[in-house]
Amino acid sequence: MKISVVICVYTEERWDDIGAAVRSVRGQRRPPEELILVVDYNPELHLRLKREYTDAIVVENNHDRGLSGGKNTGTATATGDVVAFLDDDAVADAGWLEAFERTMSERHGANPAVVGVGGLTKPLWDTGARPRWFPEEFDWTVGCTYRGLPAERKPIRNVMGGNAAFRKEAVQGVGGFHSGIGRSVQGRKSRPLGCEETEFCIRLAQRRPGSIMMFEPDAMIGHRVPAARSTFRYFRSRCYAEGLSKALVARSVGAGDGLSSERAHAFKTLPAGVLRGVAEALRGDPAGLSRAGAIVVGLAWTTWGYAVGSARLRLRGNRAGRPDDQEQ
């Protein structure tokens, strides 16, 4: 099996992070076929990377600006059978690709081999430790594996995009990642949207019934969490942005499939988290109440974002359906 590794990058502010990510790929026990660095509309960074990493393939994003376009460019550039994606501010464990290959090679009854694998992503807090108020149920807000996902190897609906591997033919067979969903880097004030990998995985399953996405905890990476993302303000903004993104996912693939995992998380995992926080407070950890409160706020802000996003999409649809708008 040939595996190509793709790292999408966009700013020189992450130069040291990019270097750490590249070194972690070079240190794999199972080396990749190639390392591809996709630069998102930043000519200076593109030239600097080409000079620094002569053993890597450094290309400019030739699709729409943003992470989805970068992933599509990386997939098209790759010569491997499998394309593994690593965030530019993450470091992979030495057995990362080895675990991907092992899981990809498995077959499940009459079904074809697994088409996608997501790994375990642990937070690396710049502050030195997890903020005591920060609930593990919301680690997805900082791009990490959260409480509620399986603890063992198991099929899942969708993977997290910063630590994932897909069969190249599967990605291209369904049109790649949609650029209308997810984060488009247009300045430091851009809203922290996401869900491009969620929409992709659901769309892949809909168009290719029987496709299997697998969670593999041995495919482990560490993901840097800057101090600015350890604040309650960022937490709330990320939850709201996730709600907006979920509205786009639901429009693309339908609310039934688009919100199935989210409903289970909201009605099972999060209430259990609130009860856990209260119980921890009663046992002498005052921060337990803060974690319980953060879960309530996080769910409320995400729900509000989804409501706002859905209303905006309906409004746009109504306007697009007007005869005078169509003439314009």
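Residues numbered from 1 in each chain as written. Predicted model: local features only at pLDDT ≥ 70, side-chain atom pairs only at ≥ 80, totals over all residues. Heavy atoms only, no water.

**Let's talk about the pairing of strand β6 (residues 116-125)**
(1) Moving on: Burial analysis of β6 places seven of its ten residues in the buried class, which makes it a mostly covered element.
(2) Moving on: Relative to strand β8 (residues 163-167), β6 is paired through three bridges, and the arrangement is antiparallel. Each residue of the ladder has a partner; that of G116, found in β8, is F166.
(3) Moving on: The sheet contact formed by β6 and strand β9 (residues 213-225) spans ten bridges and is parallel. Counted as the bridge partner of K122 is G222 from β9. (Buried < 20%, exposed > 50% of the residue type's maximum accessible area, 1.4 Å probe, protein only. Helix = DSSP H or I, 4+ residues; strand = E, 2+ residues; numbered from the N terminus. Pairing = 2+ DSSP bridges.)

**Thoughts on the packing of aromatic side chains**
(1) Moving on: Here the structure, examined in full by the defined rule, presents 15 aromatic pairs.
(2) Moving on: Here F85 and F177 contribute two aromatic rings whose centre-to-centre distance is 5.9 Å and whose plane-to-plane angle is 90°, an arrangement assigned as edge-to-face. Remark: F177 occurs in the loop between α5 (168-173) and α6 (196-207) and F85 occurs in strand β4 (residues 82-86); sequence separation between them is 92 residues.
(3) Moving on: Under the relative-accessibility criterion, F85 is labelled buried at 2%.
(4) Moving on: Overall, the relative accessible area of 3% leaves F177 in the buried class. (Phe/Tyr/Trp six-rings, centres within 6.5 Å; stacked < 30°, edge-to-face > 60°.)

**Considerations on the nonpolar core**
(1) Moving on: Counting 34 residues, the largest nonpolar core has I7, L37, L49, L86 and W96 as the members making the most contacts within it.
(2) Moving on: Mapped onto this core, the elements with two or more residues apiece are β1 (3-9), α1 (15-26), β2 (34-39), α2 (43-52), β4, β5 (90-92), α4 (96-105) and β9.
(3) Moving on: If near-sequence neighbours (up to four positions away) are discounted, W96 is found in contact with V5, Q28, A84, F85, L86, N163, A219, M220 and I221.
(4) Moving on: Listed in part, the 23 residues of the second largest apolar core include I36, F85, I156 and L204. (Core = buried A, V, L, I, M, F, W, Y, C linked by side-chain atoms within 4.5 Å. Contact = heavy atoms within 4.5 Å.)

**Some details on the confidence of the model for the protein chain**
(1) Moving on: Chain-level statistics for the protein chain give a pLDDT mean of 91 and a share of 92% at 70 or above.
(2) Moving on: Every residue in residues 323-328 scores below 50 in pLDDT, and together they form four contacts with partners more than four places removed in sequence or on other chains. (pLDDT = per-residue confidence, 0-100.)

**Digging into a positive patch on the surface**
(1) Moving on: Together, R191, R251, R312 and R316 give the surface a local cluster of positive charge.
(2) Moving on: Mapped onto the elements, R191 comes out in the loop between α5 and α6.
(3) Moving on: According to the relative accessible area criterion, R191 is partly exposed, its value standing at 42%. (Patch = residues over 30% accessible without salt bridge, like charges linked within 9 Å, V, L, I, M, F, W, Y side chains within 5 Å. Areas by Shrake-Rupley, 256 points an atom, 1.4 Å probe, with all protein chains shown as cover. Salt bridge = Lys/Arg side-chain N within 4 Å of Asp/Glu carboxyl O. Lys, Arg positive; Asp, Glu negative; His and termini not counted. Charge placed at Lys NZ, Arg CZ, Asp CG, Glu CD.)

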